[in-house]
There are 2 protein chains.
Amino acid sequence: MVSDDLFADPPEDTQEEILQAAFEVLQEQGYSGLSIQRIADKVGLQKASIYHHYSDKDDLLLSFVDHILDRMESDLIRTADVSPKTQLEGILDSLLLDERANTSTVEISPPSDDLLRVFIQIRAQATHNSDYQDRIAAIDERHEEHLAAIIQRGIDAGEFRDVDPNQVATALSTFILGSFSQRATRTQVSLEPVHKSIYSYLENSVYV
Amino acid sequence: MVSDDLFADPPEDTQEEILQAAFEVLQEQGYSGLSIQRIADKVGLQKASIYHHYSDKDDLLLSFVDHILDRMESDLIRTADVSPKTQLEGILDSLLLDERANTSTVEISPPSDDLLRVFIQIRAQATHNSDYQDRIAAIDERHEEHLAAIIQRGIDAGEFRDVDPNQVATALSTFILGSFSQRATRTQVSLEPVHKSIYSYLENSVYV
DNA sequence: TTTTACCAACCGAACGTTTGTTAGTCTTGT
DNA sequence: ACAAGACTAACAAACGTTCGGTTGGTAAAA
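Residues numbered from 1 in each chain as written. Chains lettered and ligands numbered in written order. Predicted model: local features only at pLDDT ≥ 70, side-chain atom pairs only at ≥ 80, totals over all residues. Heavy atoms only, no water.

Looking up chain A in an unreviewed UniProt entry gives the name Transcriptional regulator, TetR family, with the organism given as Halorientalis persicus.

Laid out in structure tokens, this is it:
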């Protein structure tokens, strides 16, 4: 199995190497298999050495989650100097289509399957851990605000009808999350029907 | 914290009591905290006694997952002797609205928040465990088929346009899953915008 | 330039606890 | 008396964490 990197560039210091190792372990073993020993093995360190870089497991996990969620958010939220309709469709194309089918003019690299799986697992921790809950809620809110702002711009520009930006944004983010969850937990999910349906919704209910 | 029962009636035998205990532990501690010791404590048994009812932890977890997914599926899939449009809206109302706001004529009890949280956690296991992947995929497929059948009936009855039943069903199930995921991982999620948007989609893109 | 001091990085070994699991024993209802 | 069901006790393995020691390189002191 080939795993892509947690960092765009190869990790420079040991701290980043450790987070990258945690990323791979989480992918292979799941959250319950994410132990110091396994991370140390993956980096090629003794597990005692981990404690030279992180005070304890909680510290490590917190840094890890921050890194993952930052990365996720940067995939979700991008500004672009194009018309609202073009920007919105660029976002949906990148998030809901296979890369090869993506002919969008707006360049948005979609989250990889690896990142998506890890994201879904972190999200699942939010069901019983309020720290995670807060972080997840923050991401969701910023994502929705980002979409709402685009829709508001579309209304102002006369491209969109006078819809409720927040309502449409919430619907879109719910849809995107559902698609992420399916991609992460099933194999061979066809993104086409979902993509077509949301375009149908936009054409018939949002666009002028 | 008050947890609702995994079983409609109070569990009769010890096996069911154990599964109910696992349900509560999973809710409080998450999947990584789901140990034999904690389950035994919750039932009021010694942990060795668990092995009188289940051969090992894997056996217990498999039974547990089966029970949860069966219950989830029974909440998702119900037949009703009403018009396709009424049935579809009954399903969406029950899954995407608060109970008190649910004035649907079709009686479908929605999955409780507790069940939803546990479902999302089990789903997350599917990211790295192929056994879980298969079960999750099976549920999703049956759910989509159920929705597609309703839509097909709607088309035949002249209530719906000549849409692709599978495409619309996939979109609906994606949407529902996204809503579940948000409800399970965030507090105070307003279901109203999502509900309104999907009705808008149906009226403008599906209904005649 | 050589010597000294220092510090970050890593390692090996051990700690107490919790994990899943097994064996043997006692208790209870039929 | 018999079997089902619960118990106590113990096991090896894995867990997170700590301690003390060994490097290697860098910077100050001689």
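Chemist: Describe the protein's contact with DNA strand C, naming the residues involved and giving the relevant values.
Modeler: Of all residues adjacent to DNA strand C, which total 15 residues, the nearest are Q46, A48 and H53 of chain A together with Y51 and K57 of chain B. Backbone atoms, meaning sugar plus phosphate, form 58% of the atoms of DNA strand C positioned within 4 Å of the protein. Within the side chain of Q46 of chain A, an N or O atom sits 2.7 Å from a phosphate oxygen of DNA strand C. Breaking the surface near DNA strand C down by element, the ones donating at least two residues are α3 (47-50) of chain A together with α2 (36-43) and α3 (47-50) of chain B. Looking at the surface near DNA strand C, its residues break down into five nonpolar, seven polar and three charged. (Near = heavy atom within 4 Å. Polar contact = N/O pair within 3.5 Å; in protein donor to acceptor, adjacent residues only side chain to side chain. Helix = DSSP H or I, 4+ residues; strand = E, 2+ residues; numbered from the N terminus. Nonpolar A, V, L, I, M, F, W, Y, C, P; charged D, E, K, R; others polar.)

Chemist: So, the packing of aromatic side chains: which residues are in play, and what are the values?
Modeler: Residue and element names in this part refer to chain A. For the structure shown, the criterion picks out five aromatic pairs over all chains. Note on Y31 and Y132: the rings are 6.4 Å apart at their centroids and 75° apart in plane angle, and the pair reads as edge-to-face. A residue pair is termed long-range when its members are at least 10 positions apart, and Y31 in the loop between α1 (14-29) and α2 (36-43) and Y132 in helix α7 (residues 130-156) qualify at 101 residues. Classification of Y31 by relative accessible area gives buried; the value is 16%. Residue classification places Y132 among the buried residues on the basis of a relative accessible area of 8%. On the basis of an interplanar angle of 25° and a centroid distance of 5.6 Å, the ring pair of F160 and Y207 is categorised as stacked. Of the two residues, F160 is situated in the loop between α7 and α8 (165-185) and Y207 in the segment after α9 (192-205); the sequence distance between them amounts to 47 residues. When its relative accessible area of 3% is taken as the criterion, F160 is described as buried. The exposure class of Y207 is buried, given its relative accessible area of 5%. Taking NZ or CZ as reference, K85 lies 4.7 Å from the ring centre of Y207, over its face. (Phe/Tyr/Trp six-rings, centres within 6.5 Å; stacked < 30°, edge-to-face > 60°. Buried < 20%, exposed > 50% of the residue type's maximum accessible area, 1.4 Å probe, protein only. Lys NZ or Arg CZ within 6 Å of the ring centre and 35° of its normal.)

Chemist: Just give me the short version of the interface of chain A and chain B, but keep the residues and values in it.
Modeler: With 44 residues of chain A at the contact, the number on the chain B side is 44 residues. Carbon and sulfur atoms make up 57% of the area that chain A and chain B hide from each other, which totals about 3,500 Å². On the chain A side of the interface with chain B, the three residues burying the most area are T127, T185 and R186 of chain A, jointly 17% of the side's total. Where R186 of chain A meets D140 of chain B, a salt bridge forms, and the shortest distance between an N and an O atom there is 3.3 Å. One can count 18 residue pairs in polar contact (both at pLDDT 80 or more) joining chain A with chain B. (Contact = heavy atoms within 4.5 Å. Buried area = accessible area lost by both parts, 1.4 Å probe. Salt bridge = Lys/Arg side-chain N within 4 Å of Asp/Glu carboxyl O.)

Chemist: Go over the environment of L172 of chain A with me, naming the residues and quoting the values.
Modeler: Residue and element names in this part refer to chain A. Summarising the element assignment, L172 is placed in helix α8. Linking L172 and I198, residues 26 residues apart in sequence, is a C-alpha distance of 8.3 Å. Every residue in contact with L172, bar those within four places of it in the chain, is listed here: L88, L147, I151 and I198.

Chemist: So what about the protein's contact with DNA strand D? Which residues, and what values?
Modeler: Around DNA strand D, the surrounding shell holds 16 residues, and the nearest of these are Y51 and K57 of chain A together with Q46, H52 and H53 of chain B. Sugar plus phosphate, as a fraction of atoms of DNA strand D within 4 Å of the protein: 64%. K47 of chain A is positioned such that a nitrogen or oxygen atom in its side chain is 3.3 Å from a base nitrogen of DNA strand D. Here a phosphate oxygen of DNA strand D and a side-chain polar atom of Y51 of chain A are 3.0 Å apart. Of all the secondary-structure elements, those providing two or more residues to the surface near DNA strand D are α2 and α3 of chain A together with α3 of chain B. Here the surface near DNA strand D is built from residues that sort into five nonpolar, seven polar and four charged.

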